[in-house]
Amino acid sequence: MRIDAVTLFPDYFEPLRLSLIGKAMEQDLLRFETTFLRDFAWDKHHRVDDTPVGGGAGMVMKPEPWAQALDHVRRRHSAAEPASGESRPTRPVLILPTPAGEVFTQRHAADLAAADHLIFACGRYEGIDHRVFDWAEDDFDVRPLSIGDYVLNGGEVAAIAMIEAITRLIPGVVGNPDSLVEESHASGLLEYPVYTKPATWRGREVPATLLSGDHARIAQWRQDQSLQRTRRVRPDLYARYTQSRHGGPDAADESGSTGHA
Ligand code: JCQ
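Bear in mind the structure is a predicted one, so any value in this text is a computation, not a measurement. (Residues numbered from 1 in each chain as written. Predicted model: local features only at pLDDT ≥ 70, side-chain atom pairs only at ≥ 80, totals over all residues. Heavy atoms only, no water.)

Draft legend 1. Spotlight on the overall build of the protein chain. The number of helices and strands found in the protein chain is 8 helices and 9 strands. The burial tally for the protein chain puts 41% of its 261 residues in the buried class. Once local pairs closer than 6 in sequence are excluded, the contacts in the protein chain between residues at least 24 apart make up 75%. With the model as given, the accessible surface of the protein chain reaches about 15000 Å², and the carbon-plus-sulfur share is 52%. (Helix = DSSP H or I, 4+ residues; strand = E, 2+ residues; numbered from the N terminus. Buried < 20%, exposed > 50% of the residue type's maximum accessible area, 1.4 Å probe, protein only. Contact = heavy atoms within 4.5 Å. Areas by Shrake-Rupley, 256 points an atom, 1.4 Å probe, with all protein chains shown as cover.)

The structure is reproduced here in structure tokens:
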């Protein structure tokens, strides 16, 4: 997979070169590059923003530097050698981190983990001139995505969160594939509480069931804990889960997909 980030702050992405994602880059499972938007602002002052047409507070990102930068990214990749494990070229996915997008979930992460090329367009100020996205539809699969109902100063932190959620689903990036299946959101429920040794710590016991050696009882206990926790802290997920079990209108399949969240 190739991932590009177009940004005014390429340094934000440096931590991605550490840890699992950095190792995936070394193994060529993943290619990551940043493009500095200001390099594509060709006026004397390298301006990337301007006042909003129609008035209002703040500034809006000008369309031309975005178009030039995105053309550059597309040209660079149509020339490059495919990364290992890639063959068929598809339309690149242009992800726009924005509080005005669909909320990014584990299902989006799983879908996007199968893409050949992701480009994150990291906006600042009040956003990007909307015509950029109309224009980009010709060459990209445009996806405005939010990581939650709050406002950040720019798309970089949201892009990093999405990149981590997506890339850990690429085969070979996370060491143990079982840890992908068993975790929160794979089932549509929150994870059950986990414990390690010692069995007694500062006067607190590990639940006796977990020490029983009875695997069926342990599995049942964990399922009950997941259900109770989900009902208490995420009634929205709980309602969807129970509906899907009772064959509601959007009954989810139970084949163990990584979606449901
Ligand atoms: C992403 N949840 C919040 C802020 C405008 C492209 O336009 C804008 C982008 C941002 C940065 O993203 C977020 C965000 N998910 O704030 C304003």
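Draft legend 2. Broad picture of the pattern of salt bridges. In total, this model carries 11 salt bridges according to the counting rule given. Here R76 and D4 are joined by a salt bridge, their closest N and O atoms 3.5 Å apart. Taken together, the residues span a long stretch of sequence, with R76 in helix α2 (residues 63–79) and D4 in strand β1 (residues 2–7) at a distance of 72 residues. The partly exposed category is assigned to R76, whose relative accessible area is 23%. (Salt bridge = Lys/Arg side-chain N within 4 Å of Asp/Glu carboxyl O.)

Draft legend 3. The UniProt feature "binding site: S-adenosyl-L-methionine" (unreviewed entry) in the protein chain, seen in detail. Sequence positions flagged by UniProt for "binding site: S-adenosyl-L-methionine" (unreviewed entry) are, in local numbering, G123, I147, G148, D149, Y150, V151 and L152. Inspection of the secondary structure puts G123 in the loop between β6 (117–121) and α4 (131–136). The topology assignment puts Y150 in the loop between β7 (141–146) and α5 (156–167). We classify Y150 as partly exposed; its relative accessible area is 43%. (UniProt positions renumbered as here; feature names shortened; annotations may be inferred.)

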